[in-house]
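# Topology and contacts: notes
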Amino acid sequence: MPLPGFEELRKKMARDWDERACENAKYYVNTEQVEWDEDQFFQSGEMTVNEEIRTDFGNISPDRDPATLRVIEIGCGVGRVTRALSRVFGEVHAVDVSGEMIRQASENLAGIANVFLYQNNGQDLSVLPPVEYDFAFSSIVFQHIPSKAVIESYAREVSRLLRPGALFKFQIQGDPTTERDEDDTWLGVSWTDEEVVELAARTGFEPRYRVGEGTQYFWVWFFKPL
Ligand SMILES: C[S@@+](CC[C@H](N)C(=O)[O-])C[C@H]1O[C@@H](n2cnc3c(N)ncnc32)[C@H](O)[C@@H]1O
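Below, the structure is looked at part by part. (Residues numbered from 1 in each chain as written. Predicted model: local features only at pLDDT ≥ 70, side-chain atom pairs only at ≥ 80, totals over all residues.)

### Considerations on the overall build of the chain
A tally of helices and strands in the chain yields 7 helices and 7 strands. Beginning at the N terminus, the succession of helices and strands in the chain can be written as α-α-α-β-α-β-α-β-β-α-β-α-β-β. By its C-alpha atoms, the chain is 45 × 40 × 30 Å across when sized along the principal axes. Counting over 226 residues, the chain shows a buried share of 43%. Long-range contacts, defined here as pairs at least 24 residues apart, represent 66% of the contacts in the chain between residues at least 6 apart. (Helix = DSSP H or I, 4+ residues; strand = E, 2+ residues; numbered from the N terminus. Buried ≥ 20, exposed ≤ 12 C-beta atoms within 10 Å, placed from the backbone. Contact = placed C-beta atoms within 7 Å.)

### Considerations on the site of the ligand
Around the ligand sit 22 residues in total, of which Trp-17, Gly-75, Gly-77, Arg-80 and Gly-122 are the nearest. Of all the secondary structure elements, the ones that give two or more residues to the shell around the ligand are α1 (6-29), α4 (80-86) and β2 (91-96). It is α1 that provides the largest number of residues to the shell around the ligand, a total of 3 residues. Across the shell around the ligand, the residue classes tally to 13 nonpolar, 7 polar and 2 charged. (Near = placed C-beta within 6 Å. Nonpolar A, V, L, I, M, F, W, Y, C, P; charged D, E, K, R; others polar.)

### Some points on the nonpolar core
Within the largest apolar cluster, 58 residues are counted, with the highest numbers of intra-cluster contacts made by Val-71, Ile-72, Phe-135, Ala-136, Val-158 and Phe-168. If sequence neighbours within four positions are ignored, Val-158 has contacts with Ile-72, Ala-136 and Phe-168. (Core = buried A, V, L, I, M, F, W, Y, C linked by C-beta atoms within 7 Å.)

### Some remarks on the pairing of strand β3 (residues 115-119)
Sheet topology places β2 next to β3; 5 bridges connect them, and they run parallel. Note that in β3 the partner of Val-92 across the bridge is Val-115. Taken together, β2, helix α5 (residues 99-108) and β3 form a β-α-β motif whose crossover is right-handed. (Pairing = 2+ DSSP bridges. Right-handed = clockwise from strand over helix to strand, strands pointing away.)

### Considering the sheet that holds strand β4 (residues 133-138)
Judged by pairing direction, the sheet is mixed, and its 7 strands sit side by side in the order β3-β2-β1-β4-β5-β7-β6 without closing on themselves. A single partner strand is all that each edge strand has here, and the edge strands are β3 and β6 (206-211). Averaged over all neighbouring strand pairs, the angle between strand axes comes to 15 degrees, with direction disregarded. Across 5 bridges, the pairing between β4 and strand β5 (residues 162-172) is parallel. In the sheet register, Tyr-133 faces β5, and the bridge partner there is Leu-162. Strands β2 and β3 of the sheet are contacted by α5, whose axis makes an angle of about 160 degrees with β3. Strands in contact with helix α6 (residues 148-161) are β1 (70-74), β4, β5 and β7 (218-223); relative to β5, the strand with the most contacts, it is inclined by about 155 degrees. (Axes fitted to C-alpha atoms, helices over the stretch in contact; angles between N-to-C directions.)

The analysis is restricted to geometry; functional conclusions fall outside its scope.
Right under this line is the structure:
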């Protein structure tokens, strides 16, 4: 079900991110450098996976070989992290609201047989095959989303698709001090720890760990109950 009043915001998110992708996709995906060397850019995605995935297999896949897992990535951009995820997991199903980001990701990841890319509606995961997934991940995406309802919609969708016991690990904006316009697609809405715990209760997750409350890099571990 589309969120009420969402159509305008969906168009704006898609348009703004298409424009950023056309102007300088790699910079808007990772602002550490304006002009990225291709290898260094994808190496930065490997670093994300080293830091957030390879150190965390105890939560992500405690009793299975990661190479057998089917995973979801929300907001894949041009495939920076997706490529690194594809080297760890069995299948990576990655969505992005921007058709231009997905177009560039398709070029960047051409020939990688276990990556599946989808342009989605910026709100839900109805574009994904309705099968069971073993892990979901999102990094430096929700920090840009201007609406709490959209993020809640994604949490509900991940809850619908994950197998019981599986983890949704994601990063959100936790810094409450950033000044922003209501529909700003660069500076997203910020969350308190209490709000995250309430979000988990509403969307069917156990919010087992939270790290970085009050900062831009507020990481959250939502487990789907067994
Ligand atoms: C800063 S980039 C990060 C890309 C990727 N996660 C990475 O780390 O390389 C943010 C991405 O989120 C996507 N995005 C923004 N809002 C979205 C939404 N509502 N749904 C899906 N993707 C979204 C943008 O199009 C962009 O590709």
